[in-house]
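Listed below, chain by chain, are the residues.
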Amino acid sequence: MKYVLVSGGVISGVGKGIIASSAGLLLKTMGLKVSSIKIDPYLNVDAGTMNPREHGEVYVLDDGGEVDLDLGNYERYLNITLTRENNITLGKIYSKVIEQERRGDYLGKTVQVVPHITGCIEEWIERVARVPVDDTAEEPDVCIIELGGTVGDIEGMPFVEALAELRRNLPRDDFMQIHVSYIPVVHGEQKTKPTQMAAKAVRSAGLIPDLIACRCEKPLEQATIDKIARFCQVPNPHVLAVRDMPSTYQVPILLSEQNLVPLMTTTLQLDRLPISPALQQSGAHTWETWRALTLGLQHLHETVEIVLVGKYLEQPDSYLSVTKSLEHAAMRCRRKLLIKYVDAEHLEPATVATDAAAFYKARHDLSTARGILIPGGFGGRGTEGMIVAANWAREKKVPYLGICLGMQVAVIEFARSVCGVPLPQASSAEFDSEDEDRVIISMPEHHPGKLGGTMRLGLRATVWQPDTEWSKLRALYGLQSGSVNERHRHRYEVNPAYIEKLQGKGLEFIGKDETGVRMEVVELREHPWFVGVQFHPEYLSRVLEPSKPYLGFIAAAAGMLGSVLGGGGEERGGGLVNGHGHGQGRGLVNGDKMAY
């Protein structure tokens, strides 16, 4: 097992996740099997109860794990399936050690940070790194470890000590470290002192960076590279300039041009590893397809403008997987994506009295949108504005995609406007919980007194209903498939008591769970694209394999849905672009077969 540690200094949020994912992708293009681990030095057991306005989105895995959004980057770039164990938090480590202490596992010893906490971290990393994560079902060759935060943070020190121990216990060519730093520009001069001090702090903590990845707004000057190499004690070629790119999907290409693959090969002796010729060929084709798809993005001239009506717009990462899925679909359709973010509260009539300018701007953005998307969320704030957006999309025949809460909002709007269901029944028990006679009701899994892990989480099947072959969404997934698997994260669902009335007026529930009781997918037949899904398809979208609901939505907004629907498809990844099908692990771009 080889380990690549990606750490950060100077400031957080400089792009460690993208650099770690890019390094992993480059390793996969060599034919290697790659896994990833994200370390988060906070005391939360997982990210499930964190406010997206503060921390960014919560990413959900197949096993229902609610984890840091960086695991989404790993899955999207590397086309792997991770588990909750791949996200290590300080809360998980302390909980495990305290549980072991209470059982008497330490035989009366004094339990300390060193060696017990650090030993637990080291054991966790070595165990999880060997778990298969791709279609080969084989043990990975390399594990990418991203250390969250910056080296020197007090909460991260147990992890730094554990990683230093791991490095010390491994052969020299089994461990390498990429340290990500930031190069500020002051009065036109690139300053290296923060990076020098960050490297010094890393070394004093027991870690030795092999490569220094410098985040910068413009290419590094040669004098800057020389100074960083000298004071950080690495050769000049080991200083990588990771400048701002038109798209983050071009970062792997930037790193490849700076010889990251040969540097990792030399440091880790990767040329000694046995690599399957089939995986080598697959990796080479993936790289060829990736380059073809991403290099021309800045030259796209035809645009598709989408309005995202949300409630957590203060934090750019609140809807990260949603925006990435839109990007994947837009790249496949060869369109330049423009997203306008509209605060749902600004669409509500009450806003006229408090902020008329915001109200009329929001209404203008909504009325000029080529497509309207309402993502998931919790609580009643802003939902009346979302209902306004769903009503506009339905009545004006504007392509609409509702995710989780967005589907529930579409159902509520239809119940009010078309079925004549009165208030308070035409609402959700989440917004108004006086009684259970609501169009949207609470699920049995929901525990009102406990928020963590009490939702319907993880990969679950959606079964297509009889006589739904007309569905555009089902055609994208593949008409021959009887069901599709997608990831879920919700506490509320459509009330079965209202299904007959809603369907009688034309709101078709084309997908349900295995029991036939829970509504999973709604679609309007006589509409260019009006789809609501209870699941979160963005969690399974990949750079080279866009999510089907997002692909159909973008294609409809771009006026090219007909060409996307021009053929058959396959389960969990069927569908067509320019008449070619693509499935999970397979696809076509510009008529060429893509193998991940």
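Bear in mind the structure is a predicted one, so any value in this text is a computation, not a measurement.

Section: the overall build of the chain
A count of helical and extended segments in the chain gives 20 helices and 26 strands. Computed over its C-alpha atoms, the radius of gyration of the chain comes to 25 Å, within 12% of the 25 Å expected for a compact globule of 596 residues. Considering only contacts within the chain whose residues lie at least 6 apart along the sequence, 74% involve residues at least 24 apart. Summing over all exposed atoms, the chain offers an accessible surface of approximately 22700 Å²; the carbon and sulfur share of this is 52%.

What about the pairing of strand β18 (residues 483-490)?
Of all 8 residues in β18, 6 are buried; the element is thus mostly enclosed. In this structure, strand β17 (residues 456-464) lies alongside β18, joined through 8 bridges in antiparallel fashion. When the sheet's bridge partners are listed, R456 is paired in β18 with H490.

Side note on the pairing of strand β12 (residues 303-310)
Of all the 8 residues making up β12, 7 are buried; the element is thus mostly covered by neighbouring parts of the structure. Pairing of β12 with strand β13 (residues 336-343) involves 8 bridges; the strand directions are parallel. Within the sheet, the bridge partner assigned to V304 lies in β13 and is L337. Assessed by its sense of winding, the connection that carries the chain from β12 through helix α12 (residues 320-332) to β13 is right-handed. Pairing geometry for β12 and strand β14 (residues 371-374), over 3 bridges, is parallel. Residue pairing in the sheet places V307 in a bridge with I372 of β14.

Side note on the nonpolar core
Ranked by size, the top nonpolar core spans 53 residues in total, and within it L27, I144, I178, L260, M264, L270 and W290 carry the most contacts. Top contributing element to this core by residue count: helix α1 (residues 16-29), with 7 residues. Setting aside chain neighbours within four positions, we find L27 in contact with L32, V34, V142, I144, M264 and L270.

Some details on the packing of aromatic side chains
Inspection of the entire model under this criterion finds 8 aromatic pairs. Look at Y77 and W290: their rings are 5.3 Å apart centre to centre, the planes differ by 45°, and that puts the pair in the tilted class. Linking Y77 in helix α3 (residues 70-78) with W290 in helix α11 (residues 277-294), this pair joins segments that are 213 residues apart in sequence. Taking the relative accessible area as the measure of exposure, Y77 reaches 2% and is therefore buried. Measuring from centroid to centroid gives 6.5 Å for Y249 and W290, while their planes differ by 70°, and the two rings are edge-to-face. Here Y249, found in the loop between β11 (239-243) and α9 (251-257), pairs with W290, found in helix α11; they are 41 residues apart in sequence, far enough to count as distant. Overall, the relative accessible area of 0% leaves W290 in the buried class. Through pairs of rings, three or more aromatic residues link up here, namely Y77, Y249 and W290. Lying across the ring of W124, R127 places its NZ or CZ 5.3 Å from the centre. In this structure, K396 packs its charged tip against the face of W392, placed 5.3 Å from the ring centre.

Quick notes on the pattern of salt bridges
Applying the stated criterion across every chain, the model contains 36 salt bridges. Across the pair D40 and K38 runs a salt bridge, and its minimum N-O distance is 3.0 Å. The salt bridge partner of E75 is R542, with a shortest N-O separation of 3.4 Å. Linking E75 in helix α3 with R542 in the loop between β22 (530-533) and α19 (548-557), this pair joins segments that are 467 residues apart in sequence. Here E75 and R542 have matching classes, each one buried. The network of salt bridges with shared partners includes K38, D40, D68 and D70.

Some thoughts on α1
Given a rise of 1.5 Å per residue, 14 residues ought to cover 20 Å, and the 20 Å separating the end C-alpha atoms of α1 matches this to within 8%. For α1, the tally of buried residues reaches 14 of 14 residues, placing the bulk of the element in the interior. Where α1 terminates, the next one or two residues include G31, which has phi positive at roughly 100°.

So, the sheet that holds strand β6 (residues 142-147)
Reading across from one edge, β5-β2-β6-β1-β7-β10-β11 is the order of the 7 strands in this open sheet, with parallel pairing throughout. In this open sheet, the two strands that pair with only one neighbour each are β5 (87-89) and β11. Going across the sheet, the axis of each strand differs from the next one's by a mean of 20°, ignoring polarity. Here strand β1 (residues 2-8) pairs with β6 via 5 bridges, running parallel. By the bridge assignment for β6, Y3 is matched with C143. Sheet contacts for helix α4 (residues 90-103): β2 (34-40) and β5; angle to β5, the most-contacted strand, approximately 70°.

Section: the packing of helix α14 (residues 356-367) against helix α15 (residues 383-395)
For the pair α14 and α15, the least separation of the axes is 10 Å and the interaxial angle reads 30°. Judged by the inter-axis angle, α14 sits roughly parallel to α15. As for the relative orientation of α14 and α15, their crossing is right-handed in sense. Taken together, the residues of α15 that come into contact with α14 (itself represented by R363, L366 and S367) are V388, A389 and W392.

Some details on the sheet that holds β13
Strand order in the open sheet formed by 9 strands is β13-β12-β14-β15-β22-β21-β20-β17-β18, with mixed pairing between adjacent strands. Single-partner strands in this sheet number two, and they are β13 and β18. Taken over all neighbouring pairs, the strand axes of this sheet differ in orientation by 25° on average, direction set aside.

What to know about the UniProt feature "domain: CTP synthase N-terminal" (unreviewed entry) in the chain
Taking the numbering used here, the UniProt-annotated feature "domain: CTP synthase N-terminal" (unreviewed entry) corresponds to residues 2-270. This span, residues 2-270, is 41% helix and 19% strand, and a straight line between its end C-alpha atoms measures 9 Å.

Description of the state of the cysteines
Under the definition given, this model contains 0 disulfides. Free of any disulfide, C216 has its nearest neighbouring cysteine sulfur in C214, separated by 6.9 Å. For C216, a relative accessible area of 2% corresponds to the buried category. Counting only cysteine sulfurs, C214 is the nearest neighbor of C232, a cysteine outside any disulfide, at a range of 7.4 Å. The class for C232 is buried, based on a relative accessible area of 2%.

Concerning the side chain of R438
By the element assignment, R438 lies in the loop between α16 (405-417) and β16 (440-442). Within polar-contact distance, the side chain of R438 engages the backbone oxygen of P424 at 3.4 Å. Apart from residues lying up to four places away in sequence, R438 is in contact with P424, Q425, S427, S428, A429, D432, N495 and Y498.

What counts as what
- Residues numbered from 1 in each chain as written.
- Predicted model: local features only at pLDDT ≥ 70, side-chain atom pairs only at ≥ 80, totals over all residues.
- Heavy atoms only, no water.
- Helix = DSSP H or I, 4+ residues; strand = E, 2+ residues; numbered from the N terminus.
- Rg over C-alpha atoms; globule rule 2.2 N^0.38 Å.
- Contact = heavy atoms within 4.5 Å.
- Areas by Shrake-Rupley, 256 points an atom, 1.4 Å probe, with all protein chains shown as cover.
- Buried < 20%, exposed > 50% of the residue type's maximum accessible area, 1.4 Å probe, protein only.
- Pairing = 2+ DSSP bridges.
- Right-handed = clockwise from strand over helix to strand, strands pointing away.
- Core = buried A, V, L, I, M, F, W, Y, C linked by side-chain atoms within 4.5 Å.
- Phe/Tyr/Trp six-rings, centres within 6.5 Å; stacked < 30°, edge-to-face > 60°.
- Lys NZ or Arg CZ within 6 Å of the ring centre and 35° of its normal.
- Salt bridge = Lys/Arg side-chain N within 4 Å of Asp/Glu carboxyl O.
- Expected span 1.5 Å × (residues − 1).
- Axes fitted to C-alpha atoms, helices over the stretch in contact; angles between N-to-C directions.
- Parallel < 35°, antiparallel > 145°, perpendicular 65-115°, else oblique.
- Left-handed = near helix turned anticlockwise from the far one by under 90°.
- UniProt positions renumbered as here; feature names shortened; annotations may be inferred.
- Disulfide = S-S within 2.5 Å.
- Polar contact = N/O pair within 3.5 Å; in protein donor to acceptor, adjacent residues only side chain to side chain.

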